[in-house]
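Here's the letter readout for the chains.
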Amino acid sequence: MSITLTHRDKIAVLDLGGDENRFTPERLDQINAALDTVLTDGSHALITTGGGKFYSNGLDLEWLSANGDRADWYVAQVQALLARMLTFPLPTAAALPGHAFGAGAMLAIAHDFRLMRADRGYFCFPEADIRIPFTKGMAALIQGKLTPRSAIASMTTGRRFPAPEAVEYELIDATAPEAEVLDAAVAVLAPLGAKDQSTLGAIKSVMFAGAVTALTNP
């Protein structure tokens, strides 16, 4: 399923799709093209979300298995997207309708704010259980956004956090009923108004310089 880009007034809403929303090479291209549009269409902020019970299950492991010779290229593309979102020069929020796993959870972490459906779905970094160590860039991203307590609890255990526990560990900022997750994200971003892109981008680049360097220089 293709991604879609719509607007709520001046807030761009990027829907990653209605399936598991794994990061196929094609979907990565679609997301980046949509982000290019958001930067030129007058949007004041960006929300990403999903159209089904998943926000994103992250890496396309099936594609990786079939294209092992391109693994380094593929991981670099994913990490470039994470770095781009981390420093995106507009206010950003991830509205999670359900599961956010692995690199999907990393994409959510890269946003300024995260809101999640209260009654369903998990926020999870499963790497410890699926025997895929974090790259230096991915670890730097997560540790750059979380407290040490939260990073240890989420990165070393493979634990699946339902929304209330994800709030407790500051993986997300708030929960909302299923039908109100997107509205809750809009309510967070709308009062912020328009920001100068060059200024906000520079601020985020300085704030997260270490993570950006690790993500873009694998």
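Residues numbered from 1 in each chain as written. Predicted model: local features only at pLDDT ≥ 70, side-chain atom pairs only at ≥ 80, totals over all residues. Heavy atoms only, no water.

## Some words on the layout of surface pockets
Here the largest pocket defines a volume of roughly 320 Å³. Along the walls of the largest pocket sit 20 residues, with Leu61, Gly102, Pro126, Glu127 and Ile130 positioned nearest its centre. Within the residue set of the lining of the largest pocket, elements represented by two or more residues are α4 (103–109) and α5 (127–130). Of the residues forming the lining of the largest pocket, the biggest block, three residues, is contributed by α5. The residue makeup of the lining of the largest pocket, split by class, is twelve nonpolar, four polar and four charged. (1 Å grid on protein atoms, 1.4 Å probe; cavity = no way out; pocket = protein on both sides within 12 Å on 5 of 7 lines; lining within 4 Å. Points joined across faces, edges and corners; volume = space filled by probe spheres on them. Helix = DSSP H or I, 4+ residues; strand = E, 2+ residues; numbered from the N terminus. Nonpolar A, V, L, I, M, F, W, Y, C, P; charged D, E, K, R; others polar.)

## Points about the sheet that holds strand β4 (residues 54–56)
If you trace the four strands from one edge of the open sheet to the other, you get β4-β6-β8-β9, paired in mixed fashion. Two strands in the sheet have a free side with no partner beyond their single neighbour: β4 and β9 (160–162). Direction aside, the axes of adjacent strands within the sheet are offset by 20° on average. For β4 and strand β6 (residues 99–101), the ladder comprises two bridges, and the chain directions are parallel. Bridging across to β6, Ser56 finds its partner in Ala100. (Pairing = 2+ DSSP bridges. Axes fitted to C-alpha atoms, helices over the stretch in contact; angles between N-to-C directions.)

## What about the sheet that holds strand β3 (residues 45–49)?
Overall, mixed pairing links the six strands, which are arranged β1-β2-β3-β5-β7-β10 in an open sheet. Both edges of this open sheet fall to β1 (4–8) and β10 (174–176), since each of them pairs with a single strand only. Strand-to-strand, the axes of this sheet are offset by a mean angle of 25°, without reference to chain direction. Bridging between strand β5 (residues 92–96) and strand β7 (residues 113–117) involves four bridges; their strand directions are parallel. Bridge pairing in β7 links Leu96 to Met116.

## Regarding the pattern of salt bridges
According to the stated counting rule, one finds nine salt bridges in the structure shown. A salt bridge links Arg27 to Asp19, with the shortest nitrogen-to-oxygen separation between them at 3.4 Å. A relative accessible area of 33% places Asp19 in the partly exposed class. A salt bridge links Arg117 to Glu178; its shortest N-O distance comes to 3.2 Å. Placement of the pair is Arg117 in strand β7 and Glu178 in the loop between β10 and α9 (181–189), with a sequence separation of 61 residues. Note on Glu178: relative accessible area 51%, which makes it exposed. (Salt bridge = Lys/Arg side-chain N within 4 Å of Asp/Glu carboxyl O. Buried < 20%, exposed > 50% of the residue type's maximum accessible area, 1.4 Å probe, protein only.)

## Notes on the side chain of Thr48
Secondary-structure assignment places Thr48 in strand β3. Overall, the relative accessible area of 1% leaves Thr48 in the buried class. Residues in contact with Thr48, not counting those within four places in the same chain, are Leu14, Tyr55, Met85, Ala93, Ala94, Ala95 and His111. (Contact = heavy atoms within 4.5 Å.)

## Considerations on the environment of Asp183
Within the secondary structure, Asp183 is located in helix α9. Separated by 109 residues in the primary sequence, Asp183 and Tyr74 place their C-alpha atoms 34 Å from one another. Here Arg8 takes part through its side chain, which lies 2.7 Å from a polar atom of the side chain of Asp183. (Polar contact = N/O pair within 3.5 Å; in protein donor to acceptor, adjacent residues only side chain to side chain.)

Read these as geometric descriptors, not functional statements.
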